[in-house]
Amino acid sequence: RTVGLSPSPAMADLLLAKLRELQATVESTEPEASILPTCLSLLDQLGTVLGGGGPPPLTTREDRYGGVEIEVPISAADTPHALGVELSRRIEQWAAAGKRGLWLKIPLECAAFAGSAAAQGFQFHH
């Protein structure tokens, strides 16, 4: 079901603050709770309504072995769920193109994205 939103900037700021508060509460009490993806999705949708337009693009380049080096921009720190969706879409494209090695660089400011990356098969490396 799709809901159309046209909040005033003040109302949007209040909604965003309340959603972040709810997200923090859910994460601290039940990290695996089913409401978390909904909260993250609502945050991303609200960002779009406010003019954010989704996560910033991933920076990529092919390495000399035919793999892909992916950099998460620091500006993506506020959209970890949308970034996870974008990464999933891109992984499908790279797999279809025969890419086997993917190196993902996540800045500390985007640490909230590490769980999504791990869920998609990335492993931590130094």
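Scroll up for the structure.
Remember, predicted model here, so these are calculated numbers, not experimental data.

A. Molecular detail of the nonpolar core. With 13 residues, the main nonpolar core has Ile70, Val72, Leu87, Leu104 and Phe113 as its most contacted residues. Taken together, the elements giving at least two residues each to this core come down to β2 (68-71) and α3 (80-96). Per element, the largest residue contribution to this core is three residues, and it comes from α3. Ignoring any residue separated from it by four or fewer positions in sequence, one finds Val72 in contact with Leu58, Leu83, Leu104, Lys105, Ile106, Pro107, Cys110 and Phe113.

B. Local environment of the pairing of strand β3 (residues 102-105). With four bridges joining them, β2 and β3 adopt parallel strand pairing. Residue pairing for β3: Val68 is matched across the bridge by Leu102. What joins β2 to β3 is α3, and the crossover it makes is right-handed.

C. The sheet that holds strand β1 (residues 59-62), seen in detail. Ordered by their spatial adjacency, three strands build an open sheet running β1-β2-β3, and the pairing between neighbours is mixed. A strand with exactly one partner marks an edge of an open sheet, and here the two such strands are β1 and β3. Ignoring which end each strand starts from, the neighbouring axes of this sheet average 15° apart.

So, how was this worked out
Residues numbered from 1 in each chain as written. Predicted model: local features only at pLDDT ≥ 70, side-chain atom pairs only at ≥ 80, totals over all residues. Heavy atoms only, no water. Core = buried A, V, L, I, M, F, W, Y, C linked by side-chain atoms within 4.5 Å. Buried < 20%, exposed > 50% of the residue type's maximum accessible area, 1.4 Å probe, protein only. Helix = DSSP H or I, 4+ residues; strand = E, 2+ residues; numbered from the N terminus. Contact = heavy atoms within 4.5 Å. Pairing = 2+ DSSP bridges. Right-handed = clockwise from strand over helix to strand, strands pointing away. Axes fitted to C-alpha atoms, helices over the stretch in contact; angles between N-to-C directions.

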